[in-house]
Amino acid sequence: MGALKKILIVGGSGFVGTHLAGLLSRKHSITSTFRGEFTAIPGVEYVYFNGIHDKDRCSSLVQKHQPDVVIFSAGSNDPAKAEKDPSQSQLVHLTGANQMLTAAEYLKAKYIYLSSDWVFSGIDGNFGESDTAIPSYALGKTKLGAENYIRNRSVNHIIIRCAPLLGRGTLDHPSWLDHLRDAAAFHKPISLSDRSIRNPVHVRELATLIDRVIEGDVRNKTLHLGGLTRISEYQLAVEIFETFGFDRKDLTMTKSGQENSNQDFSLNYSRTLKLLKTEPLLLKQSLDLLK
Ligand SMILES: NC(=O)c1ccc[n+]([C@@H]2O[C@H](COP(=O)([O-])OP(=O)(O)OC[C@H]3O[C@@H](n4cnc5c(N)ncnc54)[C@H](OP(=O)(O)O)[C@@H]3O)[C@@H](O)[C@H]2O)c1
């Protein structure tokens, strides 16, 4: 087992941050930031932080906690939010991430940035790490801007592009799956596309990957993390409805997108598998873990 590290999770109160803190706190000392509500994990220190827009406040946060590793998991992965308010999205995913990198570099801390499959065009699918990223949407453009900055500037970073993460959130930070389950439980009409394809992966696998990255001191790589199953958002909802026993009459399929063309954002993660050294989970196995 590697040495204990001090890890700062920026956005540690969120759905992803909470899962990361839960797993990583078994081996390491974790400080998580929050702005509003959070669900405490025993042994994790929580600090209020609302200064992502301010270089000096980013710097004093990092100076105060002296982390060996900074994980940037702030901001929402909801593309609709980013389209609606691109400047707010940029403030967190780009400006905030860059300022936090500057602060981390001062201490020579490892910087782990959570990006997403939205950096790709959705034209071909099965995107590898060396494929050119041409984002179509505001969220992807912002994420890619941050990735480029980090790659050009940092000598100790890891960028992880994640497919949609399967997991339960907390009451204060529900996951997208929680939102879907709530809508299903209250018989709200749900309309999803059968042309938008991704390869979702259990959030536990992200925590394991970050654990391996820290343990092996892996540096200066862009890693993809997705699941074994490429599936449309409609079909995924069907699987989720079946897993949890919801009535499918409230679920309808849309054919949004260009005529006869799919939008496939799936990630090829074969390089990451070598690092993970674990068997990937089937979609059904991941969903069963959530029951
Ligand atoms: N969820 C997924 O499936 C998925 C997939 C790929 C990548 N990611 C990436 O993972 C990261 C976290 O996603 P998530 O699903 O965990 O989102 P989330 O549940 O909404 O959590 C977001 C976290 O960021 C914090 N935050 C938001 N705006 C902030 C600001 N201006 N200043 C400081 N903190 C701020 C939130 O704190 P408060 O709530 O207290 O404001 C919260 O701790 C995002 O960068 C996302 O793009 C997520």
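Residues numbered from 1 in each chain as written. Predicted model: local features only at pLDDT ≥ 70, side-chain atom pairs only at ≥ 80, totals over all residues.

(A) Fine view of the site of the ligand. In the neighbourhood of the ligand, 24 residues make up the surrounding shell, with Gly11, Gly14, Val16, Arg35 and Asn77 lying closest. For the shell around the ligand, the secondary-structure elements that each account for two or more residues are helix H1 (15–24) and strand S5 (110–116). The leading source of residues in the shell around the ligand is H1, at 3 residues. Taken together, the residues of the shell around the ligand sort by class into 11 nonpolar, 12 polar and 1 charged. (Near = placed C-beta within 6 Å. Helix = DSSP H or I, 4+ residues; strand = E, 2+ residues; numbered from the N terminus. Nonpolar A, V, L, I, M, F, W, Y, C, P; charged D, E, K, R; others polar.)

(B) Broad picture of helix H8 (residues 233–244). Compared with an ideal rise of 1.5 Å per residue, which puts 12 residues at 16 Å, H8 spans 16 Å between its outermost C-alpha atoms and is within 8% of the ideal. Burial in H8 covers these residues: Glu233, Leu236, Ala237 and Ile240. Axial view of H8: buried residues confined to an arc of 100 degrees, hence all on one face. If you follow the buried residues of H8, they end up packed against helix H6 (176–185), strand S8 (190–193), strand S9 (196–198), strand S12 (231–232), strand S13 (251–254) and helix H10 (283–289). Positive phi appears at glycine 245, one or two residues downstream of H8, with a value of about 70 degrees. (Expected span 1.5 Å × (residues − 1). Buried ≥ 20, exposed ≤ 12 C-beta atoms within 10 Å, placed from the backbone. Arc of directions from axis to C-beta. Contact = placed C-beta atoms within 7 Å.)

(C) Up close: unusual backbone geometry. Non-glycine residue glutamine 66 carries a positive phi angle of around 45 degrees. Along the chain, the position of glutamine 66 falls in the loop between helix H2 (55–65) and strand S4 (69–72). Despite not being glycine, asparagine 126 shows a phi value in the positive range, around 50 degrees. Relative to the elements of secondary structure, asparagine 126 occurs in the loop between S5 and helix H5 (138–153). With 15 C-beta atoms packed within 10 Å, asparagine 126 lands in the partly exposed category.

(D) Inspection of the sheet that holds S4 at higher detail. Reading across the sheet, the 7 strands line up as S3-S2-S1-S4-S5-S6-S11 and stay open at both edges, with parallel pairing between neighbours. Single-partner strands in this sheet number two, and they are strand S3 (45–48) and strand S11 (221–225). Taking each pair of neighbouring strands and ignoring which way they run, the sheet shows an average axis angle of 20 degrees. Both strand S2 (residues 29–34) and S3 contribute to a ladder of 4 bridges, which runs parallel. Opposite phenylalanine 34, over in S3, you have tyrosine 48 as the bridge partner. The sheet contacts of H5 involve S5 and strand S6 (157–162), and relative to S5 the element is tilted by about 155 degrees. (Pairing = 2+ DSSP bridges. Axes fitted to C-alpha atoms, helices over the stretch in contact; angles between N-to-C directions.)

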